[in-house]
Amino acid sequence: MLVRRSLAVTASTAALLGATAVGVRTLLSRQAAVARRRIGKPLGEDALDADRVWRRKKHTGVPVDLLMLGDSIAAGLGAGHRRDTLGARLAKGIARDARRPVRLRTAAVVGSETSALAAQLGTLPEDYRADIAVIVVGGNDVTHRIPVSRSAQQLEDAVRALVRQGTPVVVGACPDLGTLRAIPQPLRALAARASRQLAAAQTVAARRAGARVVALARAVGPVFAERPHEMFSVDRFHPSALGYRRTADALLPAVLAALAAAAPSAAAPSGPGSAPPRREHAISTSAHARVERNA
């Protein structure tokens, strides 16, 4: 009798848990649909073309080559003018510090997951070598529920490919999706947790491959959460011009530090067996100090 009663309780508990799981999945699916309707695609699927040489009148010499890889944030979707895209903001910041022109090339594609990085690198001319590469990716991996370990490995592979050819890399770890008010609760809380998990894995993988990493969730997440109407564009998902400015400000110290570290040393050996020198960028050494704030 006791065995029968125990089996009955177990069966009832299993049925209740199963029904609860189905209910939660249904709720989350409905909330995801609500979020998609709220966000929509008012910005379209193409970011503004900001690829050009960014300079001030007094800036002369060989341009610094800046490469942008990743998703819609790296591409600049949501900026109202090309000067406000993330790539352009970074290019202007580098030019201001180095007093050199900066040639921007954007290989990032709106909607990309981390798996697209290899293809983005594949679109570059065979003889192209960037002086600095910036990768921002991960949001679509979270929304499409890509396994964290797979995304992290794909990021590591892309960073290794760049580092192997002598290009320093800065990775902006996955932003905090918990700042997206268009996503209802509890789905937003789950997205926040998933984005933090991915960002942590990205940080380990990117550093292991030789990149510098900026924790965007910590560097700009609070201001996006506190001032969403200013930081987000009309779709309430992608950054506005001000949002991109804040994001670029967070990334720039690491970018300048990476360029400074890659610049040839005056004491570097020369002659037949030595490595070919990289172009001099005259990056301010103060970048090394500033980068610690967002590392």
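So, here's what we can say about the structure. From a predicted model like this one, the values you see are computed outputs, not experimental measurements.

### Quick look at the sheet that holds strand 1 (residues 53-54)
With mixed pairing, the six strands of this open sheet are ordered in space as 1-3-2-4-5-6. Since the sheet does not close on itself, it has two edges, and those belong to strand 1 and strand 6 (212-214), each with one partner. Pairing of strand 4 (residues 132-136) with strand 5 (residues 169-172), which is carried by four bridges, proceeds in the parallel orientation. Each residue of the ladder has a partner; that of Val-134, found in strand 5, is Val-170. In the packing of helix 6 (residues 148-164) onto the sheet, contacts are made with strand 2 (64-70), strand 4 and strand 5, and the angle to strand 5 comes to roughly 160°.

### Examining the pattern of salt bridges
Proximity of charged atoms lets side chains of opposite charge pair with each other. The final tally for this structure, using the stated rule, is five salt bridges. Taking the shortest distance from any N to any O, the salt bridge between Arg-89 and Asp-84 comes out at 3.0 Å. Residue class for Asp-84 comes out buried when judged on its relative accessible area of 11%. Two residues, Arg-160 and Glu-156, come together in a salt bridge whose shortest N-O distance is 2.8 Å. A residue pair is termed a helical-turn pair when its members lie 3 or 4 positions apart in one helix, as Arg-160 and Glu-156 do in helix 6 at four residues. The exposure class assigned to Glu-156 is buried, which follows from its relative accessible area of 6%. When salt bridges with common partners are traced through the structure, they connect Glu-156, Arg-160 and Arg-208 into a single cluster.

### A closer look at the pairing of strand 2
Burial analysis of strand 2 places seven of its seven residues in the buried class, the great majority of the element. Sheet topology note: the strand 2/strand 3 (residues 102-106) ladder contains five bridges and is parallel. The partner of Asp-65 across the bridge, within strand 3, is Arg-103. Pairing geometry for strand 2 and strand 4, over five bridges, is parallel.

### Overview of the packing of helix 3 (residues 86-98) against helix 11 (residues 241-262)
A packed helix pair is summarised by two numbers, namely the angle formed by the two axes and the spacing between the axes. Across the interface, helix 3 lies against helix 11 with an axial gap of 8 Å and an inter-helix angle of 45°. Judged by the angle between their axes, helix 3 and helix 11 are oblique. Note that helix 3 runs across helix 11; the crossing there is right-handed. Between helix 3 and helix 11, the residues in contact are Leu-86, Arg-89, Leu-90, Gly-93, Ile-94, Arg-96 and Asp-97 and Ala-241, Tyr-244, Arg-245, Thr-247, Ala-248, Leu-251, Leu-252, Val-255, Leu-256 and Leu-259, respectively. Taken together, the residues of the contact of helix 3 with helix 11 break down into eleven nonpolar, two polar and four charged.

### Thoughts on the pairing of strand 5
A regular strand carries its side chains on alternate faces of the sheet. Burial along strand 5 is two-sided: the residues Val-169 and Val-171 and Val-170 and Gly-172 are all buried. As paired strands, strand 5 and strand 6 are joined by three bridges and run parallel to one another. In the sheet register, Val-170 faces strand 6, and the bridge partner there is Arg-212.

### Notes on a positive patch on the surface
A cluster of basic residues, Arg-56, Lys-58, Arg-96 and Arg-99, forms a positive patch on the protein surface. By the secondary structure assignment, Lys-58 is in the loop between strand 1 and strand 2. The exposure class assigned to Lys-58 is exposed, which follows from its relative accessible area of 60%.

### Some details on the nonpolar core
Within the largest apolar cluster, 69 residues are counted, with the highest numbers of intra-cluster contacts made by Leu-66, Ile-94 and Ile-135. Considering each element in turn, this core owes the most residues, ten residues, to helix 11. Aside from chain neighbours lying at most four places away, what touches Ile-135 is Leu-69, Leu-117, Leu-155, Val-159, Leu-162, Val-169, Val-170, Val-171 and Gly-172.

### Quick word on unusual backbone geometry
Positive phi outside glycine occurs at Arg-99, with the angle close to 55°. Within the fold, Arg-99 resides in the loop between helix 3 and strand 3. In this structure Arg-99 comes out as exposed when scored by relative accessible area, which is 59%. Its identity as a non-glycine residue notwithstanding, Arg-145 has a phi of 55°, on the positive side.

Conventions adopted
Residues numbered from 1 in each chain as written. Predicted model: local features only at pLDDT ≥ 70, side-chain atom pairs only at ≥ 80, totals over all residues. Heavy atoms only, no water. Pairing = 2+ DSSP bridges. Helix = DSSP H or I, 4+ residues; strand = E, 2+ residues; numbered from the N terminus. Contact = heavy atoms within 4.5 Å. Axes fitted to C-alpha atoms, helices over the stretch in contact; angles between N-to-C directions. Salt bridge = Lys/Arg side-chain N within 4 Å of Asp/Glu carboxyl O. Buried < 20%, exposed > 50% of the residue type's maximum accessible area, 1.4 Å probe, protein only. Parallel < 35°, antiparallel > 145°, perpendicular 65-115°, else oblique. Left-handed = near helix turned anticlockwise from the far one by under 90°. Nonpolar A, V, L, I, M, F, W, Y, C, P; charged D, E, K, R; others polar. Patch = residues over 30% accessible without salt bridge, like charges linked within 9 Å, V, L, I, M, F, W, Y side chains within 5 Å. Areas by Shrake-Rupley, 256 points an atom, 1.4 Å probe, with all protein chains shown as cover. Lys, Arg positive; Asp, Glu negative; His and termini not counted. Charge placed at Lys NZ, Arg CZ, Asp CG, Glu CD. Core = buried A, V, L, I, M, F, W, Y, C linked by side-chain atoms within 4.5 Å.

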